[in-house]
Amino acid sequence: MTQHPYFVVLLGMSWSAAALALNPVCQMTTGDHLIPVIELYTSEGCSSCPPADQWLSTLKGQPVVAQAFHVGYWDYLGWRDRFATMANTARQRQIAVANGLSGTFTPQFVRNGRNWHDRSTPETVELARARITIRRDERAERSNDYEAQIVPASGVGSWEAYWTVTEHGHSSNVKDGENAGQYLKHDFVVRQYVPVGRYQGAQTLRFAAIAANADHPQQINLVVTEARSGKPLQSASLQCDQW
């Protein structure tokens, strides 16, 4: 089997004999190249957002960490986006400051921490500056507990990280606002966003994810960034079978 340049996924390989006897192992280790981080800031109350949501869905199965952060500042137009959170809106404001923008808007695409205007521009392959091994924690009582080992490259100083849970297959019949009468479909919807602080050197991080829903395939994502610039050092996305 040819190893993908971005990552290798290990399924059914024993982390320990005892764990394998209970549950199949689900884990992955990133490779030498940076897995791109694609963020979409969107809202069900924004009339120009549905095409952006549709484009993001085309990334399913691609070697990227894609995340649709729904924001709530268009709710006043008559339709409340049930996926929007204050944390998502706060993150977009942080992105705006880091990019020197005067405010926030939707839809907004961000690639590797930078505002991304032209998606037709060929993407460059970058070397990662950290290695991530992420796995479901078979020792935990909950099936949705995860842990990750992060090993930054030589010369990396302080770094930060955040977890997200994203889900596919959501939809809404919008009854009011700018998208009234539309049936909207969403993938990569951020259902949980958890910043986990600043670190130096190799670390192990643990994460308690929200319960999985069989109707909405769930991905567990970890993004590790340079503390000063916010540029990703490496990212990882893991999707495990649930029971």
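Residues numbered from 1 in each chain as written. Predicted model: local features only at pLDDT ≥ 70, side-chain atom pairs only at ≥ 80, totals over all residues. Heavy atoms only, no water.

(A) Layout of the overall build of the chain. Within the chain one finds three helices and 15 strands. Taken over 243 residues, the chain has a buried fraction of 47%. Of the contacts formed within the chain by residues at least 6 apart in sequence, a portion of 69% connects residues at least 24 apart. Summed over its atoms, the accessible surface of the chain is roughly 12,000 Å², and 52% of this surface lies on carbon and sulfur atoms. (Helix = DSSP H or I, 4+ residues; strand = E, 2+ residues; numbered from the N terminus. Buried < 20%, exposed > 50% of the residue type's maximum accessible area, 1.4 Å probe, protein only. Contact = heavy atoms within 4.5 Å. Areas by Shrake-Rupley, 256 points an atom, 1.4 Å probe, with all protein chains shown as cover.)

(B) Molecular detail of the pattern of salt bridges. With the rule as written, the count across this model stands at nine salt bridges. Across the pair Asp32 and Arg131 runs a salt bridge, and its minimum N-O distance is 3.1 Å. Of this pair, Asp32 sits in the loop between strand E2 (26-30) and strand E3 (37-42) while Arg131 sits in strand E7 (residues 130-136); the two residues are 99 residues apart in sequence, bridging distant segments of the chain. The partner of Arg91 in a salt bridge is Glu39, and the shortest N-O contact between them spans 3.0 Å. Of this pair, Arg91 sits in helix H3 (residues 86-98) while Glu39 sits in strand E3; the two residues are 52 residues apart in sequence, bridging distant segments of the chain. Each member of the pair Arg91 and Glu39 is classed as buried. (Salt bridge = Lys/Arg side-chain N within 4 Å of Asp/Glu carboxyl O.)

(C) Region of interest: the nonpolar core. Among the nonpolar cores identified, the biggest contains 35 residues, and Ile134, Trp163 and Leu222 are the most heavily contacted of them. Element by element, the count of residues in this core is highest for strand E9 (residues 159-167), at five residues. In terms of nonpolar packing, the next biggest core, distinct from the first, is built from 11 residues, Leu40, Val64, Ala68 and Trp116 among them. (Core = buried A, V, L, I, M, F, W, Y, C linked by side-chain atoms within 4.5 Å.)

(D) Summary view of helix H2 (residues 50-57). Turning to H2, its buried residues number three or more, namely Pro50, Ala52, Asp53 and Leu56. Relative to the axis of H2, the buried residues are bounded by an arc of 160° and lie together on one face. Packing partners of the buried residues in H2 comprise E3, strand E4 (65-70), strand E5 (108-111) and strand E11 (183-186). (Arc of directions from axis to C-beta.)

(E) The pairing of strand E14 (residues 218-226), seen in detail. Of all nine residues in E14, eight are buried, a share of seventy percent or more. As paired elements, E9 and E14 share nine bridges and run antiparallel to each other. By the bridge assignment, Thr166 is partnered in E14 with Gln219. Pairing analysis gives six bridges linking E14 to strand E15 (residues 232-238), with the strands arranged antiparallel. For Asn221, the partnering residue across the bridge sits in E15 and is Ser237. The loop that links E14 with its antiparallel partner E15 comprises five residues; one of these, Gly230, has a positive phi angle of about 80°. (Pairing = 2+ DSSP bridges.)

Interpretation in functional terms is not warranted from these geometric data alone.
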